[in-house]
Every structure is written in C-alpha cells, then in structure tokens.
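Spelled out, the chains give:
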Amino acid sequence: SVEKQTFKDYECYVIDDCSTDNSKDIMRKYPFYNLYPHEKVFNGGGRNLGVEQAEGKYLVFLDSDDWFVSYEVLQDLHDFIVTHDYPNCVRLPFKIQYGGNHFLDMMLNEDNIHDLVNSCFVACWTKCVKRIIFPLFPENTLMEDKVQHIKTCDIVGSVIPFDKMCVVYNKNNTNSCSAEQNHDLQNSKWKSSMYRFIADLMDFKCTNPDCEEVRQKSLNKALQDAKEDKYIQ
C-alpha cells in the first residue's frame, strides 16, 4: 500500500525491530528496494530510529500489520496539508478490521487540543505531525504511545481533522505484543513497563492546561494501580 501510492515525493523508512521473519530479505523482493533512492531500509531500533533518519516535512506511521486504505492517501493528505497552510498536526481517521473481514470506520473529528489529548485513540498512526516538532517515544517499554501522545498534543498547539479514511488497523492480529490475550504471557514485561510509564509521566510537565490535566490524571491512576499491584494480569 506504500509502494503503490500515486504521490511519490516521500521517504519510506522500514524499521526491523527485532523481527524473526527475515524482514530485510522480504523487503529486497519489492521493486522499490533497488529502484527508488527515496526509500531506505534499516535493521534494528524502533520508531525513534525512523524519526531520527527522516528528512521530510511530515511524519506518517504504519505498523507492519496495517496498511493505507487506498493508493491516493498520501496525495490526498499532501493536498490537504497545502490547502490548510501546513498545520502542525492532522488527525487521521482509520478503519478497524475485525472478526475476519468486517470493517468499522473511525472518523476522528477532534479539532482542538482538549478533545485530542483526551481521546482514547492515541496511536501515532492516527496523526500526521511536522517532523521538526515531533517528540520521540519512550524506549524499551510498552504503552509508549500514551506518553508520546500527551507530549505531541502539548507541542502542536492545534489540530485539523482530515476528512478521508487513511489507515486500516488490523485488529485480527492476535500475535501483536499488545494483544490482550498475550498479556498473561508477559507479566514481567507489563509490570516493568507500567512502572516506566509512571516515571515517564513524572519526567515532564505540560505547558497546555488540558495536556497537563491529562498527564496528572494518568499519573495518579497509574500510581494508584501500582499501589494495588494491578499490573499483574
């Protein structure tokens, strides 16, 4: 879905984050691996590696089990950004694929920071953000999206909702590290991550009052959960 985009003025960074499926060999099978200088492949790291290597004006993310809704997504998004005078943040609607071949449209219409920071849809692929202001993710932990989402909302200042579906979120993938049914196999990882989550929330203070309120509420709840030892699933 990336390779076939009609808009071609982009960089594509494929990050192999400790995969076991020979991702680099798979990437070599795609024509763009050798044909297009604007697409690069790296081994190791995570989302931050892609962010640090990127040179474009905006960042858009895709997880390995998700895809763009159509081949016109990047072109439509580019035109939208230009028309709206290059905003700091564009909110991206998405489809949820579940139960095999069922789809649910999630039109994310938040047009202000209060609604955006309070949204339960915090994944980085639900936002297109200017690269120069994009905050990095906490590393070596789960639930990194929540902290990064609050920081993003605090930095961007404003948000404009996109009017077209962009990404298909594949909820059929039960092998995801965040899949609910896998939590009981990762108790130590989740417990460690939740305490890191607390530390990450304590390490910054937001300038936007709405963002600071959400940060404080998230921190208070996490502290209470830690006190009650709720991090063992």
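Here, the structure is the one placed above.
Let me begin by describing the structure that accompanies this report. Keep in mind it's a predicted model, so treat the numbers as computed, not measured.

Rules and cut-offs
- Residues numbered from 1 in each chain as written.
- Predicted model: local features only at pLDDT ≥ 70, side-chain atom pairs only at ≥ 80, totals over all residues.
- Heavy atoms only, no water.
- Salt bridge = Lys/Arg side-chain N within 4 Å of Asp/Glu carboxyl O.
- Helix = DSSP H or I, 4+ residues; strand = E, 2+ residues; numbered from the N terminus.
- Buried < 20%, exposed > 50% of the residue type's maximum accessible area, 1.4 Å probe, protein only.
- Contact = heavy atoms within 4.5 Å.
- Phe/Tyr/Trp six-rings, centres within 6.5 Å; stacked < 30°, edge-to-face > 60°.
- Lys NZ or Arg CZ within 6 Å of the ring centre and 35° of its normal.

Scanning the entire structure with this criterion turns up nine salt bridges. In this structure, Lys 164 and Asp 76 form a salt bridge, with 3.4 Å as the shortest nitrogen-oxygen distance. Here the residue Lys 164 occupies a position in the loop between strand S9 (160-161) and strand S10 (167-170), and Asp 76 occupies one in helix H4 (residues 73-83), the gap between them amounting to 88 residues. We classify Asp 76 as partly exposed; its relative accessible area is 23%.

Within the fold, Phe 94 resides in strand S6 (residues 94-98). Separated by 32 residues in sequence, Phe 94 and Thr 126 place their C-alpha atoms 7.2 Å apart. If near-sequence neighbours (up to four positions away) are discounted, Phe 94 is found in contact with Leu 104, Asp 105, Met 106, Leu 108, Phe 121, Trp 125, Thr 126, Met 165, Val 167 and Tyr 169.

Scanning the entire structure with this criterion turns up eight aromatic pairs. Between Phe 61 and Phe 137 the ring centres are 5.9 Å apart and the planes differ by 85°, which places this aromatic pair in the edge-to-face class. Note that Phe 61 is positioned in the loop between strand S3 (58-59) and strand S4 (67-68) and Phe 137 in the loop between strand S8 (127-130) and helix H6 (144-156), a separation of 76 residues in sequence. Taken individually, Phe 61 and Phe 137 each receive the classification buried, so the pair is uniform in this respect. Site record: aromatic cluster; members linked through ring pairs are Phe 94, Phe 121, Trp 125 and Tyr 169. Positioned over the ring face of Phe 137 is Arg 47, at 5.4 Å from the centre of the ring.

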